[in-house]
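So you can see what is in the structure, the chains are spelled out below.
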Amino acid sequence: MNKARCEFLSKSVNEGFARNVAAAFLLQYDPTVEFMADVKTAVSEAATNAVVHGYREKSGTVIMELSEKDGVFSVTVEDYGCGIDDVKQAMQPLFTTHADEERSGMGFTVMEMFMDTVEVTSKREVGTKIVMTKKLG
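No experiment lies behind these values; they were computed from the predicted model shown. (Residues numbered from 1 in each chain as written. Predicted model: local features only at pLDDT ≥ 70, side-chain atom pairs only at ≥ 80, totals over all residues. Heavy atoms only, no water.)

(A) Representation of the overall build of the chain. When helices and strands are tallied, the chain shows four helices and five strands. Going from N to C terminus, the chain has its helices and strands arranged as β-α-α-β-β-α-α-β-β. Taken over C-alpha atoms, the radius of gyration comes to 14 Å for the chain, in line with the 14 Å a tight globule of 137 residues would show. Principal axes of the C-alpha set define a box for the chain whose edges measure 40 × 25 × 25 Å. In the chain, which comprises 137 residues, the share counted as buried stands at 47%. Counting contacts in the chain only where the partners sit at least 6 residues apart, residues at least 24 apart contribute 64% of the total. Summed over its atoms, the accessible surface of the chain is roughly 7,600 Å², and 50% of this surface lies on carbon and sulfur atoms. When the 15 basic and 21 acidic side-chain charges of the chain are each reduced to a single mean position, those positions are 4 Å apart. (Helix = DSSP H or I, 4+ residues; strand = E, 2+ residues; numbered from the N terminus. Rg over C-alpha atoms; globule rule 2.2 N^0.38 Å. Buried < 20%, exposed > 50% of the residue type's maximum accessible area, 1.4 Å probe, protein only. Contact = heavy atoms within 4.5 Å. Areas by Shrake-Rupley, 256 points an atom, 1.4 Å probe, with all protein chains shown as cover. Lys, Arg positive; Asp, Glu negative; His and termini not counted. Charge placed at Lys NZ, Arg CZ, Asp CG, Glu CD.)

(B) Fine view of the pattern of salt bridges. Within the structure shown, the criterion is met by five salt bridges. Here Arg 5 and Glu 65 are joined by a salt bridge, their closest N and O atoms 2.8 Å apart. Residue Arg 5 is found in strand S1 (residues 2-9), and its partner Glu 65 is found in strand S2 (residues 61-69); the two are separated by 60 residues along the sequence. For Glu 65, a relative accessible area of 31% translates into the label partly exposed. Taking the shortest distance from any N to any O, the salt bridge between Lys 134 and Asp 38 comes out at 3.4 Å. Here Asp 38 lies in helix H2 (residues 33-54) and Lys 134 lies in strand S5 (residues 127-135), a separation of 96 residues in the sequence. (Salt bridge = Lys/Arg side-chain N within 4 Å of Asp/Glu carboxyl O.)

(C) Quick look at the pairing of strand S3 (residues 72-79). Of all the eight residues making up S3, seven are buried; the element is thus mostly covered by neighbouring parts of the structure. The sheet contact formed by S2 and S3 spans eight bridges and is antiparallel. Within the sheet, the bridge partner assigned to Glu 65 lies in S3 and is Thr 76. The turn joining S2 and S3, which pair antiparallel and follow one another in sequence, is formed by two residues; a positive phi near 50° is taken by Asp 70. Two elements, S3 and S5, share eight bridges in a ladder whose sense is antiparallel. (Pairing = 2+ DSSP bridges.)

(D) Broad picture of the sheet that holds S3. Pairing is antiparallel across the open sheet formed by five strands, whose spatial order is S1-S2-S3-S5-S4. The sheet is open, and its two edges are formed by S1 and strand S4 (117-123), each paired on a single side. Averaged over all adjacent pairs, the angle separating strand axes in this sheet is 10°, with direction ignored. In this fold helix H4 (residues 107-114) packs onto S4 and S5, with an angle of close to 25° to the strand it touches most, S5. (Axes fitted to C-alpha atoms, helices over the stretch in contact; angles between N-to-C directions.)

(E) Quick peek at H4. Every buried residue of H4 is accounted for by Gly 107, Phe 108, Thr 109, Val 110 and Met 111. Along its buried surface, H4 packs onto H2, helix H3 (87-90), S4 and S5.

(F) Expanded view of the side chain of Lys 134. The class for Lys 134 is buried, based on a relative accessible area of 11%. Of the polar contacts made by the side chain of Lys 134, one reaches the side chain of Asp 38; its length is 3.4 Å. (Polar contact = N/O pair within 3.5 Å; in protein donor to acceptor, adjacent residues only side chain to side chain.)

Structure below.
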């Protein structure tokens, strides 16, 4: 098993940082370009959700944990923001709480398209945790 952990402030500029950390971690497993693009896209969506929806106008910490075990890559993105009232509803395509900001409501759908599994747990005023996995190779 191999793992890494990083923390970053909930700023939009750090979404790219999250993608690059995931890419750097994955390089040691000699991923295909497609695999790398899939993971970077999913990580970007998870980080964006934490920044835009988790903390809204406030500043907070986003924690990202990456691991590999038995040929499975896992990434967890967690915030301690406002949480999600109804996770099942939030995961429906096109659902958004920020329609006035031209949000598409496709973040979770994109994560599910590019990863093998996506699990979301959330509690109001406690935060949200997204765990995504993808088999290497």
